[in-house]
Amino acid sequence: MLDINFIRENPDAVRENIKRKFRQDKLPLVDEVIELDKKRRELQKEGDSRRADRNRLAKLIGTLMREGKKDEAEEAKAQSKANNDRVAEIERECAEVEISLKKAMTAIPNMIAPDVPDGRDDSQNVQGEVFLEAKAKPFEVPYHVDILEKLGGIDLDSARRTSGNGFYFLTGDIARLHSAILTYARDFMIDKGFTYCIPPFMIRSDVVSGVMSFDEMEGMMYKIEGEDLYLIGTSEHSMIGRFMGQTLPESALPQTLTSYSPCFRKEKGAHGLEERGIYRIHQFEKQEMIVICKPEESDMWYEKMWRYTVEMFVSLEIPVRQLICCSGDLADLKYRSCDVEAWSPRQGKYFEVGSCSNLTDAQARRLGIRYKNEKTGKNEFAHTLNNTVVAPPRMLIAFLENHLQADGSVHIPKVLQKYMGGKDKIEVKV
RNA sequence: GCAGAGAUGGCGGAGUGGUCGAACGCGCACGACUCGAAAUCGUGUUACGUAGGAAUACGUACGGGGGUUCGAAUCCCUCUCUCUGCGCCA
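These figures come from a predicted structure and were not determined experimentally. (Residues numbered from 1 in each chain as written. Chains lettered and ligands numbered in written order. Predicted model: local features only at pLDDT ≥ 70, side-chain atom pairs only at ≥ 80, totals over all residues. Heavy atoms only, no water.)

Participant: I'd like a rundown of the overall build of chain A, residues and numbers included.
Facilitator: Within chain A, the secondary structure is distributed over 14 helices and 18 strands. For chain A, the C-alpha atoms occupy an extent of roughly 100 × 45 × 40 Å along the three principal directions. A total of 430 residues make up chain A; the buried ones form 50% of that total. Residue pairs at least 24 apart in sequence account for 73% of intrachain contacts in chain A once pairs closer than 6 positions are excluded. Taken as two groups, the 64 positive and 70 negative side-chain charges of chain A have centres that lie 2 Å from each other. (Helix = DSSP H or I, 4+ residues; strand = E, 2+ residues; numbered from the N terminus. Buried < 20%, exposed > 50% of the residue type's maximum accessible area, 1.4 Å probe, protein only. Contact = heavy atoms within 4.5 Å. Lys, Arg positive; Asp, Glu negative; His and termini not counted. Charge placed at Lys NZ, Arg CZ, Asp CG, Glu CD.)

Participant: Go over the domain arrangement of chain A, please, and point to the residues and values.
Facilitator: Along its sequence, chain A is organised into domain 1 (4-107) and domain 2 (122-426). For domain 1 and domain 2, the distance between their C-alpha centroids amounts to 43 Å. Buried area between domain 1 and domain 2, summed over both chains or domains, comes out near 500 Å², and the portion from carbon and sulfur atoms is 41%. The largest share of the area that domain 1 buries against domain 2 comes from Arg 20, Lys 21 and Thr 106, three residues that together contribute 69% of it. The interface formed by domain 1 and domain 2 includes 1 salt bridge. Across the pair Lys 26 and Asp 332 runs a salt bridge, and its minimum N-O distance is 2.8 Å. Across the contact surface, domain 1 and domain 2 share 3 residue pairs in polar contact (both at pLDDT 80 or more). Taken together, the residues of the side of domain 1 that touches domain 2 break down into 2 nonpolar, 1 polar and 3 charged. (Domains from an automatic or database assignment. Buried area = accessible area lost by both parts, 1.4 Å probe. Salt bridge = Lys/Arg side-chain N within 4 Å of Asp/Glu carboxyl O. Polar contact = N/O pair within 3.5 Å; in protein donor to acceptor, adjacent residues only side chain to side chain. Nonpolar A, V, L, I, M, F, W, Y, C, P; charged D, E, K, R; others polar.)

Participant: Go over the layout of surface pockets, please, and point to the residues and values.
Facilitator: Reported here for the second largest pocket is a volume of approximately 230 Å³. As for the second largest pocket, its lining consists of Leu 132, Glu 133, Lys 135, Ala 136, Lys 137, Pro 138, Glu 317, Pro 319, Trp 343, Pro 345 and Asn 402. (1 Å grid on protein atoms, 1.4 Å probe; cavity = no way out; pocket = protein on both sides within 12 Å on 5 of 7 lines; lining within 4 Å. Points joined across faces, edges and corners; volume = space filled by probe spheres on them.)

Participant: A description of the protein's contact with RNA strand B should follow, citing residues and the corresponding values.
Facilitator: The environment of RNA strand B is made up of 19 residues, and the closest members are Arg 41, Ala 58, Arg 66, Ser 80 and Arg 204. The sugar-phosphate portion of RNA strand B accounts for 70% of its atoms within 4 Å of the protein, the bases making up the rest. A distance of 2.7 Å is found between a sugar or linking oxygen of RNA strand B and a side-chain nitrogen or oxygen belonging to Asp 48. In the model, a sugar or linking oxygen of RNA strand B is placed 2.4 Å from a nitrogen or oxygen of the Ser 80 side chain. With 12 residues, helix H3 (residues 28-67) is the single largest residue contributor to the surface near RNA strand B. Split into classes, the residues belonging to the surface near RNA strand B amount to 3 nonpolar, 6 polar and 10 charged. (Near = heavy atom within 4 Å.)

Participant: Which residues make up the packing of helix H7 (residues 172-191) against helix H13 (residues 392-403), and what values go with them?
Facilitator: Interaxial distance between H7 and H13 falls to 10 Å at its minimum, and their mutual angle equals 105°. As far as their axial angle goes, H13 and H7 are roughly perpendicular. Within the contact between the two elements, H7 uses Ile 174, Leu 177, His 178, Ile 181 and Leu 182 and H13 uses Pro 392, Pro 393, Met 395, Leu 396, Phe 399 and Leu 400. Grouping the amino acids of the contact of H7 with H13 by side-chain chemistry returns 10 nonpolar, 1 polar and no charged. (Axes fitted to C-alpha atoms, helices over the stretch in contact; angles between N-to-C directions. Parallel < 35°, antiparallel > 145°, perpendicular 65-115°, else oblique.)

Participant: Quick one: what's the story with the packing of aromatic side chains, residue by residue and with numbers?
Facilitator: All chains considered together, the criterion is met by 8 aromatic pairs. Aromatic pair Phe 131 and Trp 306: ring centres 6.2 Å apart, planes at 65°, arrangement edge-to-face. With a gap of 175 residues between them, Phe 131 in strand S1 (residues 126-131) and Trp 306 in helix H11 (residues 298-315) connect regions that are remote in the sequence. You'll find Phe 131 and Trp 306 in the same group, each marked buried. (Phe/Tyr/Trp six-rings, centres within 6.5 Å; stacked < 30°, edge-to-face > 60°.)

Participant: Got a sec to walk through the pairing of strand S16 (residues 383-390)? Specific residues and values, please.
Facilitator: Of all the 8 residues making up S16, 8 are buried; the element is thus mostly covered by neighbouring parts of the structure. Examined bridge by bridge, strand S10 (residues 283-293) and S16 share 7 bridges and lie antiparallel to one another. Counterpart to Ile 292 in the pairing with S16 is Thr 384. Where strand S13 (residues 349-358) lies against S16, 3 bridges are found, and the strand directions are antiparallel. Residue pairing for S16: Cys 356 is matched across the bridge by Asn 387. (Pairing = 2+ DSSP bridges.)

Participant: Describe in detail the pattern of salt bridges, supporting the description with residues and values.
Facilitator: According to the stated counting rule, one finds 32 salt bridges in the structure shown. The partner of Arg 336 in a salt bridge is Asp 299, with the nearest N and O atoms 3.9 Å apart. Taken as a pair, Arg 336 in strand S12 (residues 336-344) and Asp 299 in helix H11 lie far apart in primary sequence, 37 residues in all. Accessibility expressed as a relative area gives 15% for Arg 336, which makes it buried. For Asp 299, a relative accessible area of 40% gives the class partly exposed. With a closest N to O distance of 2.8 Å, Glu 341 and Arg 321 form a salt bridge. Placement of Glu 341 in strand S12 and of Arg 321 in strand S11 (residues 320-324) is noted, with a sequence separation of 20 residues between them. Overall, Glu 341 belongs to the buried group, its relative accessible area being 8%. Arg 321 sits in the buried class, given a relative accessible area of 17%.

Given below as structure tokens:
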């Protein structure tokens, strides 16, 4: 969400930005917003002066009543009543305009960073840095579910019976590995100076509608029957909700947080749910990082954050690369974003295991996340960023494929061994 | 879950239909006093929106939403949260 003053003063820049994202369909929104904003201000002007009249008359009536001038008071009452009818009318109209205005405003994308590569869609994303050598295995790498079954680590049939498609039982060493990865990732981020958080796994509807659009909500969120509660799709939802409507002292910034949560997603309309296995599922767990900082620091944090994820994967001996999101692939709130992708020896290509975004002040403006700027004494919008540290069932795929040995066992890298009771490999069971 | 009490500015805390953006105190900022400091005294100190170069003016906001009234922090309804007691429970 952009600042209305910015749109009013820089309509051409806003239009250019929309064009860079290949969203010509959104161009009319700019004029629409400017028009609605004009209307809103006109309505407010009249409303304000009418309300001023109301206040004046109300005071006058009070005075007249006290002085016992009943007739004059009654006259003023009638006058006030007429005035108030018009006030109510304006307020109705104003509320309507404001709803349309907000709707149009939220549909206008955030300004994107100047150095974001231009491109129409995800096919035009650009490879950034590459870490560790992406090697093929000297033997055939099976599909991840087959690897998991061989290790006695998964039971999808039972999960389908208890919960349906898109769920899993992880068992034995694999379940332990799953926890080990999360615990390792948690400690990794704590060592980087982040504060570990466990947030609520359910949030109210007003928080949901704050952090996502109605369509996103429909496609993702599970609602609790009979309660005003939703299961979170990512801990970002509760973590950012935590700061809604808050003004933080400048000394409280940056907030560098790492949160753990299970994530629940309907994945409605997501084509990938038929993909066999644990790539796209209704429930997974994730270690996330969230940063809320001053505007001048968000570029720096963005760079640090995605590199932390890379560093963590590299420490687990998994080859990764940075994939820079092109203009057309950036969601509306994002200033810039990149995916961290892990190497899949089976497919001979990289696949997404995490995503890092700088939303500048767009999310903060929408949710009212401010900080008090000590220099200017003004309350200003903070910048918000989020990034995946690791989301295990999916990352497990990369882990298994990269550490698979010729004999079917899976090697456990050194840094993880202490979380696995000293084991250096998981052996074939079946 | 039941019963009672409550939610006011950065904090504490007045205010029960009109002159209340809100007494008083604390805190904070600036100034005076001082070699400097403490103490003291003085001045200032909510946010958001609209208009304006600015000073400022007007509007809105006393947990959220709705209602009564010419007028609501104050009355009514509703939701949320907090505290106390009882119940229940890892």
